[in-house]
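# Structural overview
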Amino acid sequence: MFQHVEAYPGDPILSLNEAFGKDPRTNKINLSIGIYFDDAGKIPMLPSVRAAEHKVVADAGARPYLPMEGAANFRTAVQELLFGADSAVVKAGRVVTIQAVGSSGGLKVGGDFIKRYFPTSTMLVSDPTWDNHKAVFEGCGLTVKTYPYYDAATGGLRFDAMIEALKAAEKKSIVLLHACCHNPTGVDLTQEQWQQLVPVLKERELIAFLDLAYQGYGDGIVEDAYAVRLLADQGLSFFVANSFSKSMSLYGERCGALSVVCPDAAQAVNVLGQMKATIRRNYSNPPLHGGQLVARVLSDPELRPMWEAEVVAMRDRIQFMRRKLHDVLSAKLPGRDFSYFLTQRGMFSYTGLTAEQCDRLKEEFGVYLVRSGRMCIAGLNTGNVEATANAIAAVLS
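Residue numbers here run from 1 along each chain, matching the order of that chain's written sequence. In view of the model being predicted, local features appear only for residues whose pLDDT reaches at least 70, and side-chain atom pairs are presented and counted only at 80 or more, with totals across whole chains, interfaces and linings using the full set of residues. Water and hydrogen atoms play no part in the side-chain values, which are based on all heavy atoms of the structure.

- As recorded in an unreviewed UniProt entry, the protein chain goes by the name Aspartate/tyrosine/aromatic aminotransferase, listed as coming from Undibacterium umbellatum.
- UniProt positions are given in the numbering used here, feature names are shortened, and annotations may be inferred rather than shown by experiment. Under the heading Sequence similarities (unreviewed entry), UniProt records this for the protein chain: "Belongs to the class-I pyridoxal-phosphate-dependent aminotransferase family."
- The Cofactor (unreviewed entry) field of the UniProt record for the protein chain holds the comment "pyridoxal 5'-phosphate".

### Structural notes on a nonpolar patch on the surface
- A surface patch of nonpolar side chains, amounting to about 420 Å² of accessible area, comprises Met1, Phe2 and Val5.
- Secondary structure elements are taken from DSSP: a helix is a run of H or I of four residues or more, a strand is a run of E of two residues or more, and numbering for both begins at the N terminus. Mapped onto the fold, phenylalanine 2 is located in the segment before α1 (12–22).
- Three labels apply to residues, based on accessible area from a 1.4 Å probe with only protein chains included: buried if under 20% of the type maximum, exposed if over 50%, partly exposed otherwise in between. On the basis of relative accessibility, which here comes to 60%, the residue phenylalanine 2 falls in the exposed class. Any residue with relative accessible area above 30% and no salt bridge may belong to a patch, with like charges joined within 9 Å and the nonpolar Val, Leu, Ile, Met, Phe, Trp and Tyr side chains within 5 Å. Per-residue accessibility takes into account occlusion by the displayed protein chains alone, with areas from the Shrake-Rupley method and a 1.4 Å probe. What counts as a salt bridge is simple: a side-chain nitrogen of Lys or Arg found within 4 Å of a carboxyl oxygen of Asp or Glu.

### Comments concerning unusual backbone geometry
- Omega for the peptide link from aspartate 127 to proline 128 comes to 5°, which places this bond in the cis form.
- Mapped onto the fold, proline 128 is located in the loop between β3 (122–127) and α6 (131–139).
- The residue after asparagine 183, namely proline 184, is reached through a cis peptide bond having omega 25°.
- With respect to the helices and strands, the residue proline 184 is situated in the loop between β7 (174–178) and α8 (191–203).
- Although it is not a glycine, cysteine 181 sits at a positive phi angle of roughly 50°.
- Even without glycine at this site, serine 249 takes up a positive phi of about 55°.

In structure tokens, the structure reads:
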């Protein structure tokens with residue numbers, strides 16, 4: 001029956017992670033998958049989340065299906081986190097939020113909605129972007145194209161080229177933008193550049209779709225929501241998918257959301273209704289447990305500041321690893337400029353390594369990077385950062 005079904009080549013990141021697991025070498029280093037590890041190389045269980053779980057379990061009763069759009073307390077907490085406690089767009093009823101199966105689920109629901117109500121719109125993503133962006137949106141039936149973004153020569157942003165490309169984009173195009181901690185490059189727009197982008201979005205009637213998977217890993221929980229709040233304050237209608245996988249270390253719980261800022265409350269009611277219909281066609285309703293952990297952490301007056309301090313500690317550790325990697329590489333190869341490790345932000349950096357150099361790192365040194373040269377800085381620790389730097393220096397020499 002299934003002779004015509006071709007073999008799945010595998011996801012490049014997840015397949016590399018599987019290969020790492022099978023590698024028998026004891027000194028192997030995994031810098032491929034986007035997971036935050038602590039300095040002991042373990043996925044942390046945040047004390048705030050553990051305390052929240054004790055409370056949620058103690059209060060647990062029956063476990064009915066959630067509404068299609070998810071739990072009300074989760075959705076309210078997400079809106080406050082993204083838009084602020086006194087957000088005008090939230091008070092005006094212009095924001096609808098659904099609890100999604102991770103932010104990937106939010107991308108999928110948003111993509112399906114866009115395909116139905118903006119069927120001729122093209123999805124524009126940065127060059128490069130997270131591999132699954134293209135896969136998800138193409139899976140929704142959308143045409144996906146790229147706009148200029150990363151400057152390989154400087155390790156920075158091709159902002160002028162990006163703006164010119166968006167000025168030439170067809171009206172009603174959907175523009176996928178990383179709100180902070182760009183995956184895979186770590187290169188972000190500055191606040192001034194976001195301000196310059198807004199008039200282009202307005203003039204070309206472009207619809208922004210923000211992906212905010214790393215809130216708190218850039219400059220801070222509030223600071224990393226700058227783009228979301230700017231677009232809302234400027235009167236734009238847009239989508240934003242966000243995740244708690246990294247910020248609360250809840251990867252397997254698949255805790256995410258999709259919010260849509262609408263022109264007015266009446267349109268918001270219709271959008272929410274059709275979002276619910278989209279969810280019903282996909283997975284019917286979201287799971288209960290993880291979302292309640294998020295809602296409890298965000299709303300509990302004791303747990304919220306505990307969690308915010310934990311996010312600061314994770315961000316500081318990543319930044320320390322960036323500095324350490326930069327310092328060791330600069331000492332090993334004094335003629336090269338590694339300053340991009342310091343200016344790029346969040347979990348990821350584009351190293352500039354070629355696919356062949358990444359293959360050498362894996363085969364000769366047991367250091368696993370995605371073949372694009374993307375490195376997960378959060379996989380570094382005080383026990384492996386020097387070995388990583390020495391391996392990189394060897395393949396660059």
